[in-house]
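Summary of structural features
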Amino acid sequence: MLTKKQIFTKGILAVAPHMFSVIPFGIVCGAIGIELDFSPVLVYAMSIIIFGGASQIVFLQLLSGGASALIAVTSVGVINSRHLLYGAVLSEYLEKLSFIKKLLISYLVVDQGFAESNKFFQKNKNETHLHYHLLGSGGTLWVCWQISTLAGIILGSFVPEELGLKFAVPLTFIAIVVQDIKKLDHVIVMITCGLSSLLFFDAPFKSYIIISPIIALFVAALVLRLKK
Amino acid sequence: MTWFTIIIAGIITYLMRMTMVALVDRDLLGERVKAVLAYVPSAVFPAIIFPGIFINDYGTFIEMNDPKIFGAIIAILVGYFSRNVIATIISGLFSYWIIIFLL
């Protein structure tokens, strides 16, 4: 049985490598906000209030492009709706927590933290203090996101666009799913999702980001049925 | 006004994070749903990966000789064999930079 501290540390170490992507993306995110002429305080406050990289950028781009507040809010909601799926997966492991603790830990659930903690949970179902892994992974991502968006706000236009730092985002997620490409069922689900996301890319409110996972999960259900 | 909008967007985002963890009893989900949920990472992340590679900042498809495709292939190969997250990200970024800056 691992101690709370050991599990917490494992959570930190599990997401630490993803900083090679999170930090550049955070810098880009802060810099874009300044470039679009929003006040530094406002751009930074989003990292605390929303705490979701892609949705923060889309939100500012929409508002600066003259879109209504309703459209901006809807887009953020649609982009971040994938967290409903993360929550559904994680709930199994967080079941025993008190209601208050569930409310607090939810704030820290983000893509990479979910992915790495979920991998740990699957292998260590019997540990008692599982949620400390999520605290370690989510907490680390939170701190780094704050620092890197702040850095982007300060650096602003000094961040060279030619570097294409946004490309670090798909790479970090490739690292997360790449071991599953040896499993045919997962490959089918991944390709379904990927192709759907390109097909529905122009759907309103960036809804491709939730439409394609739903299609892919239906395919997953079919695959499961065929396997039996 | 912008502040108000951000706060609403933040509350909605938080609700998305919290609902399934805190409000929905997991026993409501049947065994089949739970089995399907095991595919969530494979069903969600490609929706971030594919557009991040194949669609540019202006929302249009890239050319098939775009350096991002090369970078992604390198990252997949390095990631698969090294099982190392840092190596995956760095190899992808560097191979991308080598093409755009040196070739």
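Per-chain numbering applies: the sequence of each chain, read as written, is numbered from 1 onward. Each chain is given a letter, starting from A, and each ligand a number, starting from 1, according to the order in which they appear as written. The predicted nature of this model means local features are confined to residues of pLDDT at least 70 and side-chain atom pairs, given and counted, to a pLDDT of 80 or more, with totals for whole chains, interfaces and linings taken over all residues.

1. Observations regarding the overall build of chain A
Defined as follows: Secondary structure elements follow DSSP: runs of H or I no shorter than four residues count as helices, runs of E no shorter than two count as strands, and numbering proceeds from the N terminus. Each radius of gyration reported is based on C-alpha atoms, and the globular scaling rule is 2.2 Å times the count of residues to the power 0.38. Each residue is classed by its C-beta neighbour count within 10 Å, where at least 20 other C-beta atoms makes it buried, 12 or fewer makes it exposed, and intermediate counts make it partly exposed; the C-beta atoms are placed from backbone geometry. Any residue pair is listed as a contact if its two C-beta atoms, each placed from the backbone, are within 7 Å.
When its secondary structure is counted, chain A shows 12 helices and zero strands. The secondary structure elements of chain A, listed N-terminal to C-terminal, are α-α-α-α-α-α-α-α-α-α-α-α. For a compact globule of 228 residues, the expected C-alpha radius of gyration is about 17 Å, and chain A comes in at 18 Å, within 12% of that figure. Classification of the 228 residues of chain A by burial places 50% in the buried group. Of the contacts made within chain A by residues no fewer than 6 positions apart, 77% connect residues no fewer than 24 positions apart.

2. Regarding the interface of chain A and chain B
Interfaces are often sized by the amount of accessible area the parts lose when they come together. Heads up, the rule is: Nonpolar residues are Ala, Val, Leu, Ile, Met, Phe, Trp, Tyr, Cys and Pro. Charged residues are Asp, Glu, Lys and Arg, and all others, Gly as well, are polar.
Counting from both sides, the interface comprises 73 residues of chain A and, opposite them, 57 residues of chain B. The element that contributes the greatest number of residues to the side of chain A that touches chain B is helix α6 (residues 82-94) of chain A, accounting for 11 residues. Considered class by class, the residues forming the side of chain A that touches chain B number 49 nonpolar, 19 polar and five charged.

3. Re the packing of helix α2 (residues 19-35) of chain A against helix α4 (residues 53-64) of chain A
Residues and elements named next belong to chain A. Using the following cut-off: In this analysis, axes come from line fits to C-alpha atoms, helices being fitted only over the stretch in contact, and the angle between any two N-to-C directions falls in the range 0 to 180 degrees. In what follows, roughly perpendicular refers to angles from 65 to 115 degrees, roughly parallel to angles under 35, roughly antiparallel to angles over 145, and oblique to any angle outside these ranges. Two helices that cross are described as forming a left-handed crossing if the nearer one is turned anticlockwise from the farther one by less than a right angle, and a right-handed crossing if clockwise.
Contact pair α2 / α4: the axes reach a minimum separation of 10 Å and the direction vectors enclose 15°. What the angle tells us is that α2 and α4 run roughly parallel. Handedness of the crossing formed by α2 with α4: left-handed. Across the interface between the two elements, F25, C29, I32 and G33 of α2 pack against G53, Q56, I57 and L60 of α4. Residue classes in the contact of α2 with α4 are distributed as five nonpolar, three polar and no charged.

4. Quick notes on the domain arrangement of chain B
Our working rule: Each domain span listed reflects an automatic or database assignment of domains.
Per the domain assignment, the segments making up chain B are domain 1 (1-38) and domain 2 (39-103). Averaged C-alpha coordinates put domain 1 of chain B and domain 2 of chain B at centres separated by 29 Å.

5. So, helix α5 (residues 67-82) of chain B
This is how it is decided: In this scheme, a helix's expected span is set at 1.5 Å multiplied by one less than its residue total.
The end-to-end C-alpha distance of α5 of chain B, which contains 16 residues, comes to 22 Å, matching closely the 22 Å that a straight helix rising 1.5 Å per residue would cover. With its phi angle positive at about 55°, R83 of chain B sits one or two positions after the end of α5 of chain B.

6. What to know about the domain arrangement of chain A
Residue and element names in this part refer to chain A. Parsing chain A into structural domains produces domain 1 (4-172) and domain 2 (183-228). Put simply, the middle of domain 1 and the middle of domain 2, counted by C-alpha atoms, are 23 Å apart. Of all the secondary-structure elements, those providing two or more residues to the side of domain 1 that touches domain 2 are α5 (69-80) and α6. For the side of domain 1 that touches domain 2, the element with the most residues is α5, which contributes four residues. Partitioned by chemical class, the residues of the side of domain 1 that touches domain 2 number four nonpolar, three polar and one charged.

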